[in-house]
Amino acid sequence: MSGEIVCPGDKSISQRILIIGSILNCDMEIDGFLDSADPNSTLNALNEIGASIKKDQEKVFLNKRNIPFHEPVNDLDLGNSGTGARLILGLISGLGLRSKLIGDSSLSNRPMQRVIKPLIQMGAKIDSNKGKLPIFTLDSKISNNFQYKMPIASAQVKSCLLLTALASENNIKVIEPKITRDHTERMIDYFGGDISFKQKANIGEINYKFHNLTPKDSYKVAGDFSSATFIIVATLISLNSEVLIKNVGLNKTRSGLLEILKMMGANIQIKNKKIESNEEVGDIVVKSSKLIGVQVPKNIIPNIIDEIPILSIAAAFADGVTKISNASELRVKESDRLNAISNGLSKLNIIHEIFEDGLNITGTKEKVDSEKKINSFNDHRIAMSFLIAGIRSKKGISVENCKNIETSFPNFRNIMNSLGMKIDEKN
Ligand code: S3P
């Protein structure tokens, strides 16, 4: 693999700027937006409640509107997006709008009680299908100075509650058991909000005090670190390869996989670091490397939560055993990812053990062979990870059902092929 590419826009940040930009109600140009299914579901839901967001090729425009947010005529369909569903639910609860939130079959099976419970404690009126979608929101009366100690480390829960406070013009304190991605906090701060963060050991405390945010006329979305990791691992496990990935988001709460890969012996360099729209970005140079197995530190799991499928592929071709634990949240992602990873590794005859909260993976030096197709379980990150494993296969790997790659990385196949991979249309 060789060449250089510009990293596609960040999915989490793209969704947040649409929501916070709509609350700001101003004219704003968004550069670097990820034009993929998940952010587009969020965009459509926002327009349903009165936002005025338009897409024009590479750019997205938020327009100042004269009418306030209003109850949607149609159901709000968040498709496959957990972030979209949980963050929009926070916004709607803060605004006190009546609505019905729905999603695809994967999203309809994901736990929503983690946001419904604190929202009800805050004063929202919500009905659901036993803690799952469809969710109905009714009027709400959100209390001021709500405090919530989150039982699980989840940036989606934290962001949901922060958005409820923001939209209802109230103060809030949220305590997280482990540090999770802080894009919402950074964005509120970028627009002049009064938000502070304290960290004691690995516990985070976020204090938000309401005052009006200050509009800006533009916002630049950082490149998606999670998407970059597919290119990084593909390069690491290929022979004689070097790739430059430009404009990658390097936010510390997201980029934990760099630390793990460096522990594994990866040859990765960061260049041209800078801050853009309150997020760190930089260029990554990655070269083929001989990887070794490692024990992944437990505390880093929330900061590599979306990267464990592709880390498993790096581990499958590393020398020795890689141990991943404390990752039971993977069971409630777009698929049960621990099960999906184990299923794919079994088809490639990679020795591994699966536990309730993790995996031990023993790497191989041999090329892998798979007679059977690998099941993506309709999960974009599982599909992309096993397509990358094809680099170290004898005759290629066939992955079933790759359509969901469009939720986060629609250009995946073109970009990987432009760097030297051969992923054909059948996948
Ligand atoms: C996200 C947070 C993570 C991550 C998801 C995106 C976000 O979920 O897995 O892909 O944008 O806040 P949790 O915070 O629920 O772990």
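Just so you know, the residues in each chain are numbered from 1, in the order the chain's sequence is written. In keeping with the model being predicted, local features are shown solely for residues with a pLDDT of at least 70 and side-chain atom pairs are shown and tallied solely at 80 or more, while totals for entire chains, interfaces and linings include all residues. To obtain the side-chain values, all non-hydrogen atoms of the structure were used and water was disregarded.

### Focus: helix H3 (residues 82-95)
Spanning 14 residues, H3 covers 20 Å between terminal C-alpha atoms, matching the ideal 20 Å at 1.5 Å per step. Numbering goes from the N terminus for both helices and strands, where a helix is a DSSP run of H or I of at least four residues and a strand is a run of E of at least two. One or two residues past the end of H3 sits Gly96, with phi positive at roughly 70°. Given the number of residues in a helix, its expected span is that number minus one, multiplied by 1.5 Å.

### Details of the sheet that holds strand E18 (residues 352-355)
The strands making up a sheet are joined through hydrogen bonds of the backbone, oriented either antiparallel or parallel. For two strands to be treated as a pair, DSSP must find at least two bridges joining them. Pairing in this open sheet of 3 strands is antiparallel, and the strands run E17-E19-E18 from one edge to the other. Edge positions in the sheet fall to strand E17 (321-324) and E18, since each has one partner strand and no second. On average, each strand axis in the sheet is inclined to that of its neighbour by 5°, with strand direction left out of account. Two strands pair when backbone bridges link them, and E18 and strand E19 (residues 358-362) are joined in this way by 4 bridges, in the antiparallel orientation. The residue of E19 that forms the bridge with His352 is Ile361. Contact definition: two residues touch when any of their heavy atoms are within 4.5 Å. Between the N-to-C directions of two axes lies an angle of 0 to 180 degrees, each axis being a line fitted to C-alpha atoms and, for a helix, fitted only over the stretch in contact. Contacts from helix H10 (residues 337-347) reach E18 and E19 within the one sheet, and its direction differs from that of E18 by about 160°.

### Regarding the site of the ligand
Near residues are defined by distance, with any heavy atom within 4 Å of the molecule or strand qualifying the residue. Around the ligand, the neighbouring residues are Ser12, Arg16, Thr83, Ser154, Ala155, Gln156, Arg181, Ile305, Asp306 and Lys333. The contact in question runs from an oxygen atom of the ligand to an N or O atom on the backbone of Ala155, over 2.6 Å. We call two N or O atoms a polar contact when they sit within 3.5 Å, provided that within protein one can donate a hydrogen and the other can accept it, with sequence-adjacent residues counted only if both atoms are side-chain atoms. The side chain of Asp306 places a nitrogen or oxygen atom 2.6 Å from an oxygen atom of the ligand. Per-residue and other accessible areas follow the Shrake-Rupley method at a 1.4 Å probe size, with only the shown protein chains counted as cover for residues. Within the complex, 96% of the 390 Å² of free accessible area of the ligand lies under protein. For the shell around the ligand, the secondary-structure elements that each account for two or more residues are helix H1 (11-24) and helix H5 (155-168). Each residue belonging to the shell around the ligand can be placed in one class, and the counts come to 2 nonpolar, 4 polar and 4 charged. As annotated, the domain borders come from an automatic or database domain assignment. Split by domain, the shell around the ligand shows at least three residues from each of two domains, domain 1 (10-220) and domain 2 (225-418). Ten residues, namely Ala, Val, Leu, Ile, Met, Phe, Trp, Tyr, Cys and Pro, are considered nonpolar, four, namely Asp, Glu, Lys and Arg, are considered charged, and the remaining ones, Gly among them, are considered polar.

### As for the domain arrangement of the protein chain
Domain annotation for the protein chain reports domain 1 (10-220) and domain 2 (225-418). One C-alpha centre belongs to domain 1, the other to domain 2, and the line joining them spans 28 Å. Tallying the contact residues gives 29 residues for domain 1 and 26 residues for domain 2. Whenever Lys or Arg places a side-chain nitrogen within 4 Å of a carboxyl oxygen from Asp or Glu, that contact is recorded as a salt bridge. Among the salt bridges present, the one from Arg114 reaches Glu329, with a minimum N-O distance of 2.8 Å. The tally of links between domain 1 and domain 2 comes to 17 residue pairs in polar contact (both at pLDDT 80 or more). Secondary-structure elements contributing two or more residues to the side of domain 1 that touches domain 2 are H1, helix H2 (37-48), helix H6 (183-190) and strand E13 (218-220). No other element matches H6, which puts 4 residues into the side of domain 1 that touches domain 2.

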